[in-house]
Protein chains: 4
Amino acid sequence: MRPIRLGMVGGGAGAFFGPVHRTAARLDGRFELVAGAFSSRPEAAGEGAALIADAARSYPHYRAMIEAEARREDGVELIAIVTPNHLHYPVAKAALEAGIAVLCEKPLALDLEQARELAALASERDLLFAVAYTYTGYPMVRQAAAMVRAGELGTLRGAQIRYVQDWLATPVEAGGSKQAAWRTDPRLAGPGGCLGDIGTHCYNLLHSVTGLNAVALAADLQASVPGRALDDDVQIMLRLENGARAGIWATQVAPAVAKNGLDFHIYGDKGGLEWAQEAPDLLRFTPVGGNSVLMRRGAGGLHPAAVAATRLPAGHPEAYFEALGQLYRDIAEHWTQRSRAPLFGARVADGVAGIAFVETAIVSSRSNGAWTAMIPQAIAN
Amino acid sequence: MRPIRLGMVGGGAGAFFGPVHRTAARLDGRFELVAGAFSSRPEAAGEGAALIADAARSYPHYRAMIEAEARREDGVELIAIVTPNHLHYPVAKAALEAGIAVLCEKPLALDLEQARELAALASERDLLFAVAYTYTGYPMVRQAAAMVRAGELGTLRGAQIRYVQDWLATPVEAGGSKQAAWRTDPRLAGPGGCLGDIGTHCYNLLHSVTGLNAVALAADLQASVPGRALDDDVQIMLRLENGARAGIWATQVAPAVAKNGLDFHIYGDKGGLEWAQEAPDLLRFTPVGGNSVLMRRGAGGLHPAAVAATRLPAGHPEAYFEALGQLYRDIAEHWTQRSRAPLFGARVADGVAGIAFVETAIVSSRSNGAWTAMIPQAIAN
Amino acid sequence: MRPIRLGMVGGGAGAFFGPVHRTAARLDGRFELVAGAFSSRPEAAGEGAALIADAARSYPHYRAMIEAEARREDGVELIAIVTPNHLHYPVAKAALEAGIAVLCEKPLALDLEQARELAALASERDLLFAVAYTYTGYPMVRQAAAMVRAGELGTLRGAQIRYVQDWLATPVEAGGSKQAAWRTDPRLAGPGGCLGDIGTHCYNLLHSVTGLNAVALAADLQASVPGRALDDDVQIMLRLENGARAGIWATQVAPAVAKNGLDFHIYGDKGGLEWAQEAPDLLRFTPVGGNSVLMRRGAGGLHPAAVAATRLPAGHPEAYFEALGQLYRDIAEHWTQRSRAPLFGARVADGVAGIAFVETAIVSSRSNGAWTAMIPQAIAN
Amino acid sequence: MRPIRLGMVGGGAGAFFGPVHRTAARLDGRFELVAGAFSSRPEAAGEGAALIADAARSYPHYRAMIEAEARREDGVELIAIVTPNHLHYPVAKAALEAGIAVLCEKPLALDLEQARELAALASERDLLFAVAYTYTGYPMVRQAAAMVRAGELGTLRGAQIRYVQDWLATPVEAGGSKQAAWRTDPRLAGPGGCLGDIGTHCYNLLHSVTGLNAVALAADLQASVPGRALDDDVQIMLRLENGARAGIWATQVAPAVAKNGLDFHIYGDKGGLEWAQEAPDLLRFTPVGGNSVLMRRGAGGLHPAAVAATRLPAGHPEAYFEALGQLYRDIAEHWTQRSRAPLFGARVADGVAGIAFVETAIVSSRSNGAWTAMIPQAIAN
């Protein structure tokens with residue numbers, strides 16, 4: 001089985017997602033990174049060339065790369081977009097128009113119009129277009145989703161999702177942090193700061209695990225650090241389509257024991273599930289009136305979707321690279337089988353829903369947190 | 001040092017708070033239970049008599065007790081009110097009017113008018129009137145409050161308080177649970193269900209630890225169990241007087257590993273604090289940019305307020321009885337010294353604030369969760 | 001039900017066990033402290049007198065107390081001995097000879113001869129004689145023992161018990177710590193340091209939970225701190241009567257997250273149990289091949305022995321005072337019913353077994369850790 | 001930088017280590033698997049061929065592979081040996097004799113004579129020979145070792161290492177488990193069962209982190225499951241060269257919350273360190289008399305050795321693949337730089353020490369657990 005030929009846009013020196021995607025893509029040996037436009041800085045050309053076998057396929061600009069690769073018989077088949085947010089749309093559009101499949105970091109675009117255009121384009125060209133909601137790659141997140149669908153929680157009543165970081169607790173964007181600089185600049189990050197960066201992961205998990213859409217939300221966005229242009233601390237109340245309520249708290253200014261403290265608590269009339277990203281192999285299930293049970297990745301009794309995303313036996317921990325690697329593996333499976341089975345939580349529709357969530361939250365926030373109907377997003381479950 | 005003579009109203013067979021208060025009052029040997037109106041059921045008279053030394057001081061009704069005890073030279077000095085909520089007001093009023101000090105379970109009353117009347121009465125008579133916000137008795141909650149006041153967290157930016165239970169996940173009120181029956185009946189519990197029962201603890205902790213009042217809130221109240229008359233799952237967003245934001249999630253229908261899962265995460269521009277009621281001896285402090293530190297009750301380096309509330313060395317766990325016992329000890333200290341030092345988090349003003357919180361949340365909820373200014377509550381910090 | 005009249009020997013200012021026992025005895029209202037010989041220091045007389053109602057019953061010496069109280073019609077019925085170890089034997093002997101029941105701190109005596117004499121004396125006089133193995137008072141320890149006896153673990157294969165402290169990591173005995181001074185002095189503490197102080201708790205838990213005696217052990221005792229006369233770090237391998245193996249590690253010089261880190265892991269061919277003293281409400285059961293289950297004090301499905309030792313519902317934590325309070329309650333139950341039902345893990349036989357364990361370990365250690373048959377101890381299960 | 005050409009012996013269908021090593025080798029893109037003798041079963045030839053690009057380099061036997069590859073200009077440069085234990089020696093010997101470097105799974109050989117021969121051969125031929133002590137690849141294990149060497153724990157006093165599994169709690173070797181079958185067969189696994197399989201990891205961690213050798217040990221080995229030929233539950237007391245004491249408990253029959261429960265507690269006169277393999281990103285440091293500090297992989301303030309082994313920022317968990325991947329990366333670094341810097345904890349000397357540990361433990365066990373001097377092992381630190 002020959003590897004899928006992968007290209008990358010973004011991800012040069014100092015980037016976070018570039019190396020992460022390269023490692024995740026390598027994990028199962030199903031992809032080969034053959035081309036890239038890793039950086040637009042001329043002095044970075046050498047670095048980029050070192051990442052691939054053929055230095056000639058390291059391009060100074062994504063347009064050059066897409067043009068050249070589209071002409072090659074052995075050109076890239078999938079482009080991973082790991083640039084700052086404002087480039088997601090133009091790069092994805094160019095790739096799709098050149099007939100190349102895409103895995104794009106979230107958020108999918110800067111606004112809903114762009115996002116819908118990309119979704120339509122991918123559909124029209126019948127191209128795979130995935131969005132890197134990494135956390136849906138965790139096996140025990142998939143186990144949670146399977147348990148919900150199997151009715152093991154009963155009728156869902158509520159969900160609380162938190163995402164706690166503190167790396168923006170001080171004005172690091174003013175101090176030379178490249179990561180912080182673009183993520184707090186509306187022109188590069190889009191209208192949502194913390195909301196777009198990590199709040200979207202919360203909404204994606206909420207939707208992916210429960211299988212439910214939100215119908216309305218009330219959002220309170222805050223920029224805690226003086227002078228910051230975008231929100232860095234967000235709380236949102238949501239109503240789901242079945243009448244259940246949900247809450248999201250996403251912050252980048254709250255020092256905590258957890259450093260990337262994404263967790264959820266989802267409950268129905270039969271039981272509740274708790275999961276935390278920093279101990280991803282564990283899912284805790286508490287039936288109403290019974291003892292809590294510790295479910296583990298790699299142990300017996302799990303749903304097929306969790307088993308399929310597992311590489312190691314229980315007790316040999318898997319973690320972040322495997323979660324993102326699972327998205328790559330899902331793509332490879334999808335690719336090979338030429339099936340149309342949807343990617344779990346990482347479809348372009350999930351990306352569009354993420355943007356709709358961001359835009360609705362901003363509308364609500366601007367009307368003093370009034371309950372606001374979710375902007376239609378056309379997610380087919 | 002002779003013990004303070006304690007009377008009790010409520011707390012007969014099948015009650016939760018009665019035995020708990022009796023044990024907590026005994027803990028330090030500073031109180032002697034000498035009289036009670038434990039139950040209005042005639043057949044319970046014997047049970048009540050067995051709880052005290054002189055059976056003649058077990059009364060069938062609180063009015064009889066207050067009248068008789070007020071006439072005795074060795075009559076009760078403090079009455080603990082542990083009845084269902086609707087009796088808090090009349091019993092407290094009768095006690096205060098008879099010149100007897102009061103420790104009342106929360107919520108203080110069924111509405112704000114009652115609450116204010118009681119506060120005024122206590123003030124007028126110059127009588128101690130405490131409200132049993134048990135969780136403020138935990139030493140590490142007091143440590144957290146002291147750290148905030150000492151500036152160790154910097155300027156406060158946010159707080160998230162959760163209180164997760166699941167004992168009302170099914171309609172147990174229809175199945176003979178005495179506890180559930182009155183707590184879900186608006187005539188006995190008041191207008192807030194989960195909101196009044198445990199949401200008030202969240203608000204009390206928020207205020208006690210941060211030292212800040214809320215200025216507005218947006219509340220979403222839900223009755224999850226079909227047919228239930230009062231809310232059982234509550235989420236509320238708040239704005240604090242210094243501009244910080246806070247969130248409260250209180251639920252009685254969410255199965256979880258924690259069974260009485262009250263916890264808080266409070267953070268400022270210098271650091272964050274995390275505490276959870278089921279591991280009450282531990283407070284986790286994370287400075288911005290530094291390693292998390294595990295602070296422990298009984299270990300070195302704590303503020304005097306935490307040290308003063310400690311009975312055992314670190315590693316010999318203290319728990320719920322000691323927390324409530326601390327409220328009793330605070331009262332005894334206050335009493336003996338005839339000082340006017342306020343009780344931490346358990347003053348009548350805290351009780352009034354709790355009712356104001358409940359009423360404001362209900363107003364907001366009835367206007368579809370609109371942001372609503374907190375009803376003035378006159379808390380002096 | 002009138003309270004049992006309690007006397008105390010030891011436990012004056014600066015003592016650890018004195019206040020702890022007084023609080024635990026008060027917890028359920030079943031005892032009244034009426035007399036004491038709290039300290040032999042003349043200047044401490046006042047302090048002692050303040051602890052009881054009748055100052056005349058605060059005695060300067062235990063002999064005076066026993067003599068006087070034995071003559072009173074309302075004299076003490078039970079004496080709690082909370083002195084340094086070397087006084088356990090003479091005080092207990094004097095009490096028993098005067099016909100007074102005893103609750104003695106562990107270790108029961110300085111050597112096996114003394115211990116056996118006390119056991120014989122108690123039996124001869126038909127007096128209750130309990131030993132304060134506090135940790136057996138925890139409900140979930142009793143649940144563990146009940147599960148073992150019910151066969152839920154299958155045939156026992158092994159047990160590992162650890163007890164980790166660090167308060168003797170520096171030579172505090174040279175720096176004025178009264179607690180450290182006597183515990184590291186062979187004349188006051190007996191031949192075992194850490195071994196007698198906390199190692200005996202390990203052996204007691206091992207025996208109480210498994211119901212098995214050790215038949216042989218190999219011990220390695222170490223004095224880590226230069227100049228210390230007694231061991232402060234102990235590891236012991238044991239063989240149990242059914243062929244299972246066990247290990248004990250007890251140390252007072254190992255800094256750890258746990259400050260009084262007593263825990264056990266006991267396993268058979270059907271499942272394993274894990275418990276830790278600093279989170280005493282939780283017992284984790286893992287069946288072979290299955291998911292781990294979190295069992296909680298106060299929740300459903302527990303054995304009667306655990307239920308009977310429970311005061312609060314799940315999630316309202318109980319802790320150290322309740323564990324020791326349970327020993328007092330067991331005594332009160334035993335007393336009232338005039339039954340001969342054995343006290344769980346706290347009988348005089350358990351105390352004798354503890355001394356036999358200490359002596360055998362010292363013999364083994366002196367023969368370079370050779371496997372040594374347990375000195376016969378005549379424990380009837 | 002071209003990848004190092006990797007060959008593999010063992011690791012066909014049903015194997016544990018084969019896929020794990022292939023993934024770990026791929027992780028950083030520094031190795032390319034080009035050849036293998038994955039299985040001696042003829043019917044497995046196709047499976048093996050699918051793992052590499054050139055099916056002709058999938059060999060039916062390791063001898064054929066080594067012979068053919070040694071002749072190729074582009075032949076394998078490093079052979080990963082992931083067979084059952086009894087083949088480690090002949091394969092490693094053949095590889096070294098053909099001038100090919102080796103990464104061998106532990107235990108290095110079936111006996112000390114074989115192990116020493118391999119070490120001598122590697123030295124003589126000046127070939128890299130690494131042993132896959134995977135757990136030394138964890139960054140926080142390296143942090144622990146660096147802290148010890150920097151004196152942050154003071155003079156070491158003790159160490160307790162545990163390794164708890166339960167997968168052999170039933171006689172699975174009789175039920176068709178290929179993994180269990182060879183690991184419980186002395187001809188294939190060698191003289192140590194649990195001792196060799198996981199006990200060696202404990203000893204390796206003990207030595208790697210403390211930097212100290214054991215001078216003597218007393219071992220108690222047990223076969224818990226009836227009919228099992230090799231030990232499955234092992235406890236060992238050790239004395240280290242500086243006078244400190246250590247304990248090892250390794251079991252494959254103890255059901256626990258942890259499924260691969262390797263942990264250590266190492267302490268000196270200044271502080272203690274605790275680490276557990278299932279939460280590998282966390283290292284807990286407790287200074288004598290101070291609060292415990294949670295140190296995290298990827299956070300600030302770590303020693304260079306920990307930083308160098310880190311791929312992701314704190315909160316984005318790394319796990320087992322990264323630990324083994326770190327051994328591969330260490331080899332690649334070593335290779336590229338042609339340095340002679342020793343591999344941390346994974347040198348051939350560590351492998352020899354592991355065998356010496358196993359043999360000494362067996363000698364001790366056969367003399368009824370007598371203290372036995374460690375067989376000399378010539379480890380240069």
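Throughout this document, residue positions are counted from 1 along each chain, in the order its sequence is written. Written order determines the labels here, with chains lettered from A and ligands numbered from 1. Reporting in this predicted model follows two pLDDT cut-offs: at least 70 for local features of residues, and 80 or more for side-chain atom pairs to be given and counted; totals over whole chains, interfaces and linings ignore these cut-offs and use all residues. With hydrogens and water stripped out, all remaining heavy atoms of the structure feed into the side-chain values.

1. A closer look at the overall build of chain A
Here's step 1: The secondary structure content of chain A amounts to 12 helices and 14 strands.
Here's step 2: Along the first, second and third principal axes, the C-alpha set of chain A runs to 65 × 50 × 40 Å.
Here's step 3: Residues counted as buried form 67% of the 381 residues belonging to chain A.
Here's step 4: Residue contacts follow a heavy-atom distance rule, with two residues in contact if any of their heavy atoms lie within 4.5 Å. In chain A, once contacts between residues fewer than 6 apart in sequence are set aside, the share between residues at least 24 apart is 69%.
Here's step 5: In short, Shrake-Rupley with a 1.4 Å probe defines the accessible areas, and a residue's cover is counted only from the protein chains shown. Total accessible area on chain A is roughly 12,200 Å²; 55% of this is exposed by carbon and sulfur atoms.
Here's step 6: For the purpose of charge, His is not counted, nor are the chain termini; Lys and Arg are scored as positive and Asp and Glu as negative. Lysine's charge is taken at NZ, arginine's at CZ, aspartate's at CG and glutamate's at CD. Of note, chain A has its 35 positive side-chain charges centred 2 Å away from the centre of its 38 negative side-chain charges. Here a strand is any run of E in DSSP of at least two residues, a helix any run of H or I of at least four, and the numbering for each starts at the N terminus. Accessible area is worked out with a 1.4 Å probe on protein chains only. A residue is then buried under 20% of its type maximum, exposed over 50%, and partly exposed in between.

2. Examining the UniProt feature "domain: Gfo/Idh/MocA-like oxidoreductase N-terminal" (unreviewed entry) in chain A
Here's step 1: Those places that UniProt annotates as "domain: Gfo/Idh/MocA-like oxidoreductase N-terminal" (unreviewed entry) correspond, in this numbering, to residues 4-133 of chain A.
Here's step 2: End C-alpha atoms of residues 4-133 of chain A are separated by 21 Å, and the span's content is 38% helix alongside 18% strand. UniProt positions are given in the numbering used here, feature names are shortened, and annotations may be inferred rather than shown by experiment.

3. Considerations on the sheet that holds strand β5 (residues 129-131) of chain A
All names here are of chain A.
Here's step 1: Taken together, 5 strands build an open sheet; the order of strands is β2-β1-β3-β4-β5 and the sheet is parallel. Both outer strands of the open sheet, β2 (31-37) and β5, are each paired with one neighbouring strand and no more. Averaged over all pairs of adjacent strands, the angle between strand axes in this sheet comes to 20°, irrespective of strand direction.
Here's step 2: Pairs of strands are assigned from DSSP output, requiring at least two bridges between the strands. Here strand β3 (residues 78-81) pairs with strand β4 (residues 101-104) via 4 bridges, running parallel. Paired with Ile-79 across the two strands is Val-102, which belongs to β4. Axes, fitted as lines to C-alpha atoms, cover a helix only where it is in contact. Angles between the N-to-C directions of the axes lie from 0 to 180 degrees.

4. Notes on the relation of the copies chain D and chain C
Here's step 1: For the pair chain D and chain C, the best superposition has an RMSD of 0.0 Å and corresponds to a rotation of 180° with a translation of 0.0 Å parallel to the axis. As the rotation angle and translation indicate, the two copies are arranged about a two-fold axis. Of every C-alpha in chain D, the one belonging to Ala-370 of chain D sits nearest the axis of rotation, 3.0 Å from it.
Here's step 2: By residue overlap, the copies meet face to face through one surface: 100% of the interface positions of chain D are interface positions in chain C. Here the copies are matched by least squares. The fit uses the C-alpha atoms of residues with pLDDT of at least 70 in both.

5. Considering the packing of aromatic side chains
Here's step 1: Each pair of aromatic rings taken from Phe, Tyr and Trp, with Trp reduced to its six-membered ring, is defined by centres within 6.5 Å and is described as stacked if the planes are under 30 degrees apart, edge-to-face if over 60, and tilted in the remaining cases. Taken as a whole and judged by the stated rule, the model has 36 aromatic pairs over all chains.
Here's step 2: Taken together, a centroid distance of 6.3 Å and an interplanar angle of 15° make the contact between Tyr-135 of chain C and Tyr-138 of chain C stacked.
Here's step 3: Since its relative accessible area comes to 4%, Tyr-135 of chain C is described here as buried.
Here's step 4: Clustering of aromatic rings is evident, with ring pairs tying together Tyr-135, Tyr-138, Tyr-163, Phe-264, Trp-275 and Tyr-320 of chain A.
Here's step 5: It is Arg-239 of chain D that lies over the ring of Trp-371 of chain D; its NZ or CZ is 3.7 Å from the centre. Working rule: Lys NZ or Arg CZ, within 6 Å of ring centre, within 35 degrees of ring normal, means a charge sits over the ring.

6. Let's talk about the UniProt feature "domain: GFO/IDH/MocA-like oxidoreductase" (unreviewed entry) in chain A
Here's step 1: Here, UniProt's "domain: GFO/IDH/MocA-like oxidoreductase" (unreviewed entry) annotation points to residues 141-274 of chain A.
Here's step 2: Measuring from the first to the last C-alpha atom of residues 141-274 of chain A gives 10 Å, for a span that is 27% helix and 34% strand.

7. Some points on the packing of helix α9 (residues 194-210) of chain C against helix α12 (residues 348-366) of chain C
Residue and element names in this part refer to chain C.
Here's step 1: At a minimum axis separation of 9 Å, α9 and α12 run at an interaxial angle of 120°. Like other packed secondary-structure pairs, α9 and α12 cross with a definite hand, here right-handed. Within the contact between the two elements, α9 uses Leu-195, Gly-196, Gly-199, Thr-200, Tyr-203, Asn-204 and His-207 and α12 uses Asp-350, Ala-353, Gly-354, Phe-357, Val-358, Ala-361 and Ile-362.
Here's step 2: Any residue outside Ala, Val, Leu, Ile, Met, Phe, Trp, Tyr, Cys, Pro, Asp, Glu, Lys and Arg is labelled polar, Gly included; the first ten of those are nonpolar and the last four are charged. Its residues placed into classes, the contact of α9 with α12 shows 7 nonpolar, 6 polar and 1 charged. For any helix crossing, the convention is left-handed if the near helix is rotated counterclockwise from the far helix by under a right angle, and right-handed if that rotation is clockwise.

8. Topic: the relation of the copies chain D and chain B
Here's step 1: By a simple turn and slide, chain D fits onto chain B: the slide is 0.0 Å along the axis, the RMSD is 0.0 Å, and the turn is 180°.
Here's step 2: Mapped onto chain B, 100% of the interface residues of chain D are again interface residues, and the two copies thus contact each other with one and the same surface.

9. Some points on helix α5 (residues 112-125) of chain C
All names here are of chain C.
Here's step 1: One fewer than the residue count of a helix, multiplied by 1.5 Å, yields its expected span. With 14 residues, α5 extends 20 Å between its outermost C-alpha atoms, agreeing within 8% with the 20 Å of an ideal straight helix rising 1.5 Å per residue.
Here's step 2: Among the residues of α5, those classed as buried are Leu-112, Gln-114, Ala-115, Leu-118, Ala-119, Leu-121 and Ala-122.
Here's step 3: Looking at the buried side of α5, the elements it contacts are α4 (88-97), β5 (129-131) and α12.
Here's step 4: As used in this structure description, the phrase polar contact means that two N or O atoms lie within 3.5 Å; if the pair is within protein, one of them must be able to donate a hydrogen and the other to accept it, and residues adjacent in sequence are counted only when both atoms belong to side chains. Regarding α5, its N-cap is Asp-111, as a side-chain oxygen of that residue lies 3.1 Å from the backbone nitrogen of Glu-113 further along.
Here's step 5: Backbone geometry just after α5 places Asp-126 at a positive phi near 55°.

10. Looking at the environment of Gln-235 of chain D
Here's step 1: Secondary-structure assignment places Gln-235 of chain D in strand β8 (residues 233-240).
Here's step 2: The exposure class assigned to Gln-235 of chain D is buried, which follows from its relative accessible area of 8%.
Here's step 3: Separated by 15 residues in sequence, Gln-235 of chain D and Asp-220 of chain D place their C-alpha atoms 5.3 Å apart.
Here's step 4: Residue contacts for Gln-235 of chain D: discarding those within four places in its chain leaves Gln-160, Met-237, Leu-238, Arg-245, Ala-246 and Gly-247 of chain C together with Ala-218, Ala-219, Asp-220, Ile-248 and Trp-249 of chain D.

11. As for the interface of chain D and chain B
Here's step 1: Between chain D and chain B, the residue contacts involve 6 residues of the former and 6 residues of the latter.
Here's step 2: For the pair chain D and chain B, the summed buried area comes to about 610 Å², and 52% of that belongs to carbon and sulfur atoms.
Here's step 3: By buried area we mean how much accessible surface two parts lose on assembly, using a 1.4 Å probe and totalling the loss over both. On the chain D side of the interface with chain B, the three residues burying the most area are Asn-291, Ser-292 and Leu-294 of chain D, jointly 71% of the side's total.
Here's step 4: Only one rule defines a salt bridge in this text: a Lys or Arg side-chain nitrogen within 4 Å of an Asp or Glu carboxyl oxygen. Across the chain D-chain B interface, the total number found is 0 salt bridges.
Here's step 5: Seen at the junction of chain D and chain B, the total is 2 residue pairs in polar contact (both at pLDDT 80 or more).

12. Focus on the interface of chain D and chain C
Here's step 1: Every contact between the two is made by 49 residues of chain D and, on the other side, 50 residues of chain C.
Here's step 2: Taken together, the two surfaces of chain D and chain C that pack against each other cover about 3,700 Å², and 50% of this comes from carbon and sulfur.
Here's step 3: Where chain D packs against chain C, one counts 4 salt bridges.
Here's step 4: For Asp-220 of chain D, the salt bridge is made with Arg-239 of chain C, and the minimal N-O distance between the two is 3.1 Å.
Here's step 5: Counting the contacts that link chain D with chain C gives 24 residue pairs in polar contact (both at pLDDT 80 or more).
Here's step 6: At the level of elements, β6 (156-164), β7 (214-222), β8, β9 (245-251), β10 (261-268), β11 (271-276) and β12 (282-287) of chain D are the ones that each hand at least two residues to the side of chain D that touches chain C.
Here's step 7: Ranked by residues supplied to the side of chain D that touches chain C, first place goes to β8 of chain D with 6 residues.

13. Digging into the sheet that holds strand β5 (residues 129-131) of chain D
Residues and elements named next belong to chain D.
Here's step 1: Strand order in this open sheet of 5 strands is β2-β1-β3-β4-β5, and the pairing throughout is parallel. Only two strands of the sheet have a single neighbouring strand rather than two, namely β2 (31-37) and β5. Sheet twist, expressed as the average angle between the axes of neighbouring strands with direction ignored, equals 20°.
Here's step 2: In the sheet, strand β1 (residues 4-9) pairs with β2 via 6 bridges, with the strands oriented parallel. Bridged to Gly-7 within β2 is Ala-35.

14. Topic: the environment of Phe-321 of chain D
Here's step 1: Mapped onto the elements of the fold, Phe-321 of chain D is located in helix α11 (residues 320-337).
Here's step 2: For Phe-321 of chain D, a relative accessible area of 1% translates into the label buried.
Here's step 3: When the C-alpha positions of Phe-321 of chain D and His-21 of chain D are compared, they lie 8.3 Å apart, and in sequence the two are 300 residues distant.
Here's step 4: When sequence neighbours within four positions are dropped, the list of residues in contact with Phe-321 of chain D reads Arg-311, Leu-312 and Glu-322 of chain A together with Val-20, Thr-23, Ala-24 and Leu-27 of chain D.

15. Let's talk about the pattern of salt bridges
Two side chains bearing opposite charge may form a pair once their charged atoms approach each other closely.
Residue and element names in this part refer to chain A.
Here's step 1: Evaluation of the coordinates by the stated rule reveals 96 salt bridges over all chains.
Here's step 2: For Asp-74, the salt bridge identified is with Arg-57, shortest N-O distance 3.8 Å. Linking Asp-74 in the loop between α3 (62-71) and β3 with Arg-57 in the loop between α2 (45-49) and α3, this pair joins segments that are 17 residues apart in sequence.
Here's step 3: Overall, the relative accessible area of 34% leaves Asp-74 in the partly exposed class.
Here's step 4: Residue Arg-57 is classed as buried on the basis of its relative accessible area of 6%.
Here's step 5: Put simply, Arg-57, Glu-69, Arg-72 and Asp-74 are held in one network by salt bridges that share partners.

16. Some points on the environment of Val-257 of chain C
Here's step 1: Counting through the fold element by element, Val-257 of chain C comes out in the loop between β9 (245-251) and β10 (261-268).
Here's step 2: Note: C-alpha distance between Val-257 of chain C and Val-20 of chain C (237 residues apart in sequence) is 23 Å.
Here's step 3: Those residues within four positions of Val-257 of chain C in sequence are excluded, and the remaining contacts are Leu-294 and Arg-296 of chain B together with Glu-274, Arg-284, Thr-286 and Ser-292 of chain D.

17. A look at the domain arrangement of chain A
Note: interface size is frequently given as the accessible area lost on complex formation between the parts.
All names here are of chain A.
Here's step 1: An automatic or database domain assignment is the source of the domain bounds shown. Entries for chain A in the domain assignment read domain 1 (4-131) and domain 2 (138-312 + 361-372).
Here's step 2: Computed over C-alpha atoms only, the centres of domain 1 and domain 2 are separated by 27 Å.
Here's step 3: Taken together, the contact between domain 1 and domain 2 spans 13 residues of the former and 14 residues of the latter.
Here's step 4: Overall, the association of domain 1 and domain 2 removes approximately 1,000 Å² of surface from exposure, summing both partners, and the carbon and sulfur fraction of that is 50%.
Here's step 5: Applying the counting rule to domain 1 against domain 2 returns 2 salt bridges.
Here's step 6: One can count 5 residue pairs in polar contact (both at pLDDT 80 or more) joining domain 1 with domain 2.
Here's step 7: When grouped by side-chain class, the residues that make up the side of domain 1 that touches domain 2 number 8 nonpolar, 3 polar and 2 charged.

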